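Structure at a glance
Single-letter residue listing:
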Amino acid sequence: MSTPVAVFNDSTPVLPNAQRNPVLRALWVIRDSWSIAKRSLRHFFRQPRFVIFSTIQPVMFIVLFTFVFGGIAQSALDPGVSYISFLLPGILVHSAAFRATQTAVGIAEDLERGVIDRFRSLPIARGSILAGRTLADLIRSLMVILLMLVAGYLLGFRFTEGILSAVAAVAVVGLFGYLFSWLFCWLALIVPGSEAVQTAGFVLVFPLVFASSIFVPLETMPSWLSAFASISPLTHATDATRAFAIGGDASRSLLWMFGWTAVAFLTVIPDSIRRFRGLT
C-alpha cells in the first residue's frame, strides 16, 4: 500500500511526519511565507496609486523638511554637518515607521474581505501568512530607501564612512521597519476594522516620530520631552543609522536596538501569531 501524503502548498507532496520534523517544518514555513510575500508584492504593484504615493511621499518629506527646517536647525548642528546629512537618516526611519501602518491596514482589509478565510482553506502554515506579509513590506521598504537615497544625493547628502557603513545604515532601517511591521500586525489583530486600525496607527506613530531625534538634536528640546525621546525606539534607530551614515558612536544606539529587537521577538511576534491562529 502506498504511503499517504499531505499537500502543503504548490502541489508539493510531503509526508505527514514532516510536520513533526523541526527542520522540514521550518522549510515549509519559509516556503509558504515567500509565497504570501509574492502575493502581497503583486497586489501592491498592480495598484499604481499605491506605487506612486508610496514613492512620492517620502521624497516630498526630504525636500520639504530640508528647505523648511534647514535654516532653523542648522544652528543646532555640529560645525561641518549639513542639515540634509543630519536629516536623511532620520527621514529613512520616519518613512519606515509610517509605512508600517500599511501593514496593519492590509491585514485588517484581508480579514474584512475574507481573504484570510481563503488562506485557511489552503494547507499552509498559519504563521507564514503574517511572516509573508511583513517580508513583502520589508522588500518594499528597501526599495523606497534606495529611492530616498537617490533624492538625498541630489540634495547633497553623502555617506562619509564607507560602503560597509552605508550598508549597515540601510540594514538598521530595514530591521527597524521590519520590527514595526510586526508591531502593526499585532495592532491589526487587536483593533478591528481597517479604518480604526489606520487611525490607531497614526495616533501611535505621530508623537513618536516628532518626539525623537529625527528632525532636530535632542538638546534643542525641553528636558521632559528630551527624556522621553531619549528612550524612544525611533531615536535609537535614527542615531544608529546616522552614526553609520555620517560618523559617530553607534554602540549605545545599537544596544538599544538589539534590546527592542529582543522584546519584539519574545513578545509582539509570538503574541501576533497566537492571536492570528485564534482568529483562524
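Higher on the page you've got the structure.
The paragraphs below set out a description of the structure included in this document. Note that the structure is a prediction, hence the values are computed from the model and not measured.

With that settled, the discussion passes to the nonpolar core. Of all hydrophobic cores here, the largest spans 63 residues; its most connected members are Phe176, Phe180, Val197, Phe215 and Leu234. Elements with a minimum of two residues in this core: helix 2 (48-73), helix 3 (83-113), helix 4 (115-120), helix 5 (126-154), helix 6 (163-190), helix 7 (194-210), helix 9 (233-246) and helix 10 (251-279). Sorting elements by how many residues they give to this core places helix 3 first, with 15 residues. For Val197, the residues in contact, after removing those within four places along its chain, are Ala104, Val105, Ala108, Leu187, Ala188 and Val191.

Turning next to the pattern of salt bridges. Applying the stated criterion to the full structure yields seven salt bridges. Where Arg113 meets Glu109, a salt bridge forms, and the shortest distance between an N and an O atom there is 3.9 Å. Pair noted here: Arg113 and Glu109 are both in helix 3, with a separation of four residues, about one helical turn. Looking at Arg113, the relative accessible area reads 55%, which means it is exposed. A salt bridge links Arg275 to Asp271; its shortest N-O distance comes to 2.8 Å. Pair noted here: Arg275 and Asp271 are both in helix 10, with a separation of four residues, about one helical turn. You can call Asp271 buried: its relative accessible area is 17%.

Okay, helix 3 next. Helix length check: helix 3, at 31 residues, gives a terminal C-alpha distance of 45 Å against a target of 45 Å (1.5 Å per residue), a fit within 8%. With respect to burial, helix 3 is a largely interior element, 25 of its 31 residues being buried. Just past helix 3, the residue Gly114 takes up positive phi, approximately 85 degrees.

Glancing now at the packing of aromatic side chains. Scanning the entire structure with this criterion turns up twelve aromatic pairs. Note on Tyr153 and Phe159: the rings are 6.5 Å apart at their centroids and 45 degrees apart in plane angle, and the pair reads as tilted. Tyr153 sits in the partly exposed class, given a relative accessible area of 34%. Between Phe157 and Phe159, the ring centres sit 5.1 Å apart and the planes meet at 80 degrees, which makes this aromatic pair edge-to-face. A network of ring pairs unites the aromatic residues Phe61, Phe65, Phe98, Phe202, Phe206, Phe210 and Phe215 as a single cluster.

Rules used throughout
- Residues numbered from 1 in each chain as written.
- Predicted model: local features only at pLDDT ≥ 70, side-chain atom pairs only at ≥ 80, totals over all residues.
- Heavy atoms only, no water.
- Core = buried A, V, L, I, M, F, W, Y, C linked by side-chain atoms within 4.5 Å.
- Buried < 20%, exposed > 50% of the residue type's maximum accessible area, 1.4 Å probe, protein only.
- Helix = DSSP H or I, 4+ residues; strand = E, 2+ residues; numbered from the N terminus.
- Contact = heavy atoms within 4.5 Å.
- Salt bridge = Lys/Arg side-chain N within 4 Å of Asp/Glu carboxyl O.
- Expected span 1.5 Å × (residues − 1).
- Phe/Tyr/Trp six-rings, centres within 6.5 Å; stacked < 30°, edge-to-face > 60°.

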